[in-house]
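# Commentary on secondary and tertiary structure
Below, each chain spelled out in residue letters.
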Amino acid sequence: MSTRAHIMLAILVAMAILVIVRLVRRRHLKAKYSLLWLTLGGFMVVIAAVPGLLDWTAARLGIYYQPTLLILLGLALLLLIVMHFSYELSRMENRVRTLAEESAILRHRLRVLEQGAPATTPGDASGGAEESDDWPGDEPTNGSGVTDQA
Amino acid sequence: MPATDPSPRTRTEFADRIIVIVPAFNEQEALPSTLAGLRATALPLDVVVIDDGSTDDTAAIATANGAVCLQLPFNLGIGGALRTGFRYAVELGYQRGIQFDADGQHDPSQIEALLAPLAEGADMVVGSRFAGAGDYRVGRSRGVAMNILRWAIRRLAGQRFTDTSSGFRSFGPDVLALFAAEYPIEYMDSVEALVMACRAGFDVREVPTVMHERTGGVASNRSFRLAYHYVRVLVSLANTPKAQRRPAGAPS
């Protein structure tokens, strides 16, 4: 690469790193995600700072057009970052689902508590009463409302 | 279960009752007759409707018809709704559960047949439309797709099922616990759940049941969506973990 290209690359990378650090400081970006991007930035800094490095590495790997190596490595790192995002996204979706499910159950329990003992089930002879009045804090309806703690 | 657990999951009041888990998304038309049908049986059923983020009066109608209603804050899809029901069942200590459609295609009179194998040691029972009873018909392309799935499932589950997508099922306590912890969340969940239970080493059986035409709502069978889920489910099935850990106390 020409000297001019190296200077341009160095400036771009410096700007990118500045932006990342700024985002982290303002808490728009979590530190753990910034690490990934800073790794990418650091890697670019090394390439920009050591002029002969890219050419030398490309020659050793048998790559005749040096920028290919840059693109290849950049792409590999980006792929890693995107995969990490997919992983995080799956985990977050799982947590959101679990929270939604818990909230549905808790909402029902809260309603039962607010309404006092046997509630929410008008006109159901086949068991609605039992299912709604037996949350903790309610009086057991059938003398033997045993709580098995053993 | 830990002795220090203060949660209601150690309670025994619900052990002899049967929880009927009814996932419902905008089912206000069909729900009253479905719930009336369930009320009319002589079985000790506790009906729990899971309102999966409906925009109509599903929740109010469920409550007015004597069911417990668990309201999800937004639509999770049928798998999420079912898992909510399984969680609730396990928290309260139910030992037997039924999965029942809100749209009226399942017949409450068949529940006894679905429960019978549980008493004989089965962990999960699937009500089949094709195993001999009833007169339910599906279209040809759907039939072919179902055949391929059936083959894949036979390979993975090590067992033959005639109706893998049936949502009319009964569960014993161990399968309830399994599904409360982990249940396939996307469309065609029933197929994945079936394979999950088989591969976890549970005794899964099938009984012939009569089913009706749907009485309300829209069947989820738009073809491109179906095709996508079909491929997805095949990939997902191939990756179902084979965990040979039967719960304590169960014969292998």
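Per chain, residues are indexed from 1 in the order of the written sequence. For naming, the first written chain is A and the first written ligand is 1, with later ones following in the order written. Two thresholds apply to this predicted model, a pLDDT of at least 70 for residue-level local features and 80 or more for giving and counting side-chain atom pairs, whereas whole-chain, interface and lining totals are computed over all residues.

Let's shift gears to the overall build of chain A. The secondary structure listing takes helices from DSSP runs of H or I that are at least 4 residues long and strands from runs of E that are at least 2 residues long, numbered from the N terminus. Regarding its fold elements, chain A presents five helices and zero strands. Think of it as a crowd count around each C-beta: if 20 or more other C-beta atoms lie within 10 Å the residue is buried, if 12 or fewer it is exposed, and in between it is partly exposed, with C-beta placed from the backbone throughout. Burial analysis of chain A (150 residues in total) assigns 14% to the buried set. By definition, residues are in contact whenever their C-beta atoms, placed on the basis of the backbone, come within 7 Å of each other. The long-range fraction of contacts in chain A, counting pairs at least 24 apart against all pairs at least 6 apart in sequence, stands at 31%.

Here the focus is the packing of helix α1 (residues 3-25) of chain A against helix α2 (residues 31-49) of chain A. Angle between the axes and distance between the axes: these two values describe a pair of packed helices. Residue and element names in this part refer to chain A. Between α1 and α2, the shortest axis-to-axis distance is 9 Å and the interhelical angle comes to 165°. With respect to α2, the axis of α1 lies roughly antiparallel. Viewed along their axes, α1 and α2 form a crossing whose handedness is left-handed. Contact residues: His-6, Leu-9, Ala-10, Val-13, Ala-16, Ile-17, Ile-20 and Val-24 in α1; Ala-31, Ser-34, Trp-37, Leu-38, Gly-41, Met-44, Val-45, Ala-48 and Ala-49 in α2. Taken together, the residues of the contact of α1 with α2 sort by class into 14 nonpolar, three polar and no charged. Axes here mean lines fitted to C-alpha atoms, for a helix over just the part in contact, with angles spanning 0 to 180 degrees between N-to-C directions. For this classification, under 35 degrees means roughly parallel, over 145 means roughly antiparallel, 65 to 115 means roughly perpendicular, and everything else is oblique. The handedness criterion is simple: a crossing whose near helix is rotated anticlockwise from the far helix by less than a right angle is left-handed, and one whose near helix is rotated clockwise is right-handed. Three residue categories are used. Nonpolar comprises Ala, Val, Leu, Ile, Met, Phe, Trp, Tyr, Cys and Pro, charged comprises Asp, Glu, Lys and Arg, and polar comprises the others, including Gly.

Next up on the list: the confidence of the model for chain A. Interpretation of this model should avoid reading the predicted coordinates in detail wherever pLDDT is low. All names here are of chain A. Known as pLDDT, the predictor's per-residue confidence is scaled from 0 to 100. In the predicted model, chain A carries a mean pLDDT of 75, and 76% of its residues have values of at least 70. Summarising per-element confidence for chain A, the mean pLDDT is lowest in helix α5 (residues 128-132) (39) and highest in helix α4 (residues 66-114) (90). For the stretch residues 117-150, pLDDT sits under 50, and the model shows 59 contacts to residues farther than four places along the chain or on other chains.

A few words on α4 of chain A. An expected span of 1.5 Å times one less than the residue number is assigned to each helix. Between its first and last C-alpha atoms α4 of chain A spans 71 Å; for 49 residues at 1.5 Å apiece the expected length is 72 Å, and the two agree. Every buried residue of α4 of chain A is listed here: Glu-101, Ala-104, Ile-105, His-108 and Val-112 of chain A.

With that settled, the discussion passes to the sheet that holds strand β4 (residues 96-99) of chain B. Residue and element names in this part refer to chain B. Read from one edge to the other, the open sheet built from seven strands follows the order β3-β2-β1-β4-β6-β5-β7, with strand pairing classed as mixed. Each edge of the open sheet is held by one strand with a lone partner, namely β3 (68-71) and β7 (204-208). Shown here is a sheet whose adjacent strand axes are inclined to one another by a mean of 20°, direction ignored. Sheet topology places strand β5 (residues 124-128) next to β7; five bridges connect them, and they run parallel. The residue of β7 that forms the bridge with Val-125 is Arg-205. We call two strands paired when DSSP finds no fewer than two bridges between them.

This next bit is on the nonpolar core. Put simply, a nonpolar core is a cluster of buried Ala, Val, Leu, Ile, Met, Phe, Trp, Tyr and Cys residues tied together by C-beta atoms within 7 Å. Within the largest apolar cluster, 71 residues are counted, with the highest numbers of intra-cluster contacts made by Val-20, Val-48 and Ala-197 of chain B. Beyond its immediate sequence surroundings of up to four residues, Val-48 of chain B is in contact with Ile-19, Val-20, Ile-21, Val-22, Ala-67, Val-68, Leu-70, Gly-85 and Tyr-88 of chain B. If you look at the next biggest cluster of nonpolar residues, it comprises six residues, including Leu-40, Met-44, Ala-48 and Leu-54 of chain A.

Residue and element names in this part refer to chain B. By secondary structure assignment, the location of Asp-189 is in helix α7 (residues 189-199). By the C-beta count within 10 Å, which is 26 here, Asp-189 ends up buried. The sequence separation of Asp-189 and Ala-89 amounts to 100 residues, and the corresponding C-alpha distance is 19 Å. Discounting chain neighbours no more than four positions away, the residues touching Asp-189 are Ile-78, Gly-79, Leu-82, Tyr-183 and Pro-184.

Not every positive phi belongs to a glycine, and Arg-27 of chain A is a case in point at roughly 60°. Along the polypeptide, Arg-27 of chain A turns up in the loop between α1 and α2.

Residue and element names in this part refer to chain B. For strand β1 (residues 18-24), the tally of buried residues reaches seven of seven residues, placing the bulk of the element in the interior. What you see with β1 is no split at all: Ile-18, Val-20, Val-22 and Ala-24 on one side and Ile-19, Ile-21 and Pro-23 on the other are buried throughout. As paired strands, β1 and strand β2 (residues 45-51) are joined by seven bridges and run parallel to one another. The residue of β2 that forms the bridge with Ala-24 is Asp-51. Note that β1 and β4 share four bridges and pair parallel. Bridging from a neighbouring strand, Ile-21 pairs with Gln-99 of β4.

Before going further, it helps to spend a moment on the environment of Ile-81 of chain A. Secondary-structure assignment places Ile-81 of chain A in helix α4. C-alpha of Ile-81 of chain A to C-alpha of Arg-25 of chain A: the two residues are 56 residues apart in sequence and 21 Å apart in space.

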